[in-house]
Amino acid sequence: MKITPVSALLVVSLGLCVVCVAQWRREAVFRQRLAEADARLREESDARLEAVTRAGAFEKEIARLTQLRADTEARLIETTDALTAAQKELAGAGAATGERAREVEAQNQAITEANARLQQVTAERDRALEELNQRTRAYNELMQRFNKRAN
């Protein structure tokens, strides 16, 4: 079998066609992979941009919360100092109240003793008045008898 130049040319042409089809398919797959990679790159770029935007917003929120915390701590310290001062004042007032209560108790006891003495003196006065009344009656009776005899 003798290969004629036309047959050889035909075989070579068919071989080249097969090579072109293989390269075309390979490049189609390559273009598809490039398109997928480009889509992923865009998604990742968008996600990165969104993350950077969120990070900026979070930084602002963190700064705001840090300032709010500092203000709250300052108010807490002021309130704690005021509470401590009020407790000290209350303790002082409590001591003064306790002292005043002891004074009032002593005064109440003195009043009770004075009342007891007053009742005792009043009872003695009543007995003395009763005795005086009895003696006055006796004297009046004696004077009436004397006056009757003298008349």
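Residues numbered from 1 in each chain as written. Predicted model: local features only at pLDDT ≥ 70, side-chain atom pairs only at ≥ 80, totals over all residues. Heavy atoms only, no water.

1. Topic: the overall build of the protein chain
Now for step 1: In terms of helices and strands, the protein chain carries 1 helix and 0 strands.
Now for step 2: Against the globule reference of 15 Å for 151 residues, the protein chain gives a C-alpha radius of gyration of 62 Å, more extended than a compact globule.
Now for step 3: Its C-alpha atoms give the protein chain principal-axis dimensions of roughly 210 × 30 × 20 Å.
Now for step 4: Looking at the 151 residues of the protein chain, the share that counts as buried comes to 0%.
Now for step 5: Surface exposure of the protein chain reaches about 14200 Å², of which carbon and sulfur atoms provide 60%.
Now for step 6: Separation between the mean location of the 24 positive side-chain charges and that of the 23 negative ones in the protein chain comes to 4 Å. (Helix = DSSP H or I, 4+ residues; strand = E, 2+ residues; numbered from the N terminus. Rg over C-alpha atoms; globule rule 2.2 N^0.38 Å. Buried < 20%, exposed > 50% of the residue type's maximum accessible area, 1.4 Å probe, protein only. Areas by Shrake-Rupley, 256 points an atom, 1.4 Å probe, with all protein chains shown as cover. Lys, Arg positive; Asp, Glu negative; His and termini not counted. Charge placed at Lys NZ, Arg CZ, Asp CG, Glu CD.)

2. Some thoughts on the pattern of salt bridges
Side chains that differ in sign of charge can pair as their charged atoms come close.
Now for step 1: Tallied over the entire structure, the rule returns 10 salt bridges.
Now for step 2: Among the salt bridges present, the one from Arg 100 reaches Glu 103, with a minimum N-O distance of 3.2 Å. With Arg 100 and Glu 103 both in helix H1 (residues 5–150), this residue pair falls 3 residues apart, about one helical turn.
Now for step 3: When its relative accessible area of 45% is taken as the criterion, Arg 100 is described as partly exposed. (Salt bridge = Lys/Arg side-chain N within 4 Å of Asp/Glu carboxyl O.)

3. A look at the state of the cysteines
Now for step 1: According to the stated counting rule, one finds 0 disulfides in the structure shown.
Now for step 2: Sulfur of Cys 17: no disulfide; nearest cysteine sulfur belongs to Cys 20 and is 6.3 Å away.
Now for step 3: With relative accessibility at 45%, the residue Cys 17 sits in the partly exposed group. (Disulfide = S-S within 2.5 Å.)

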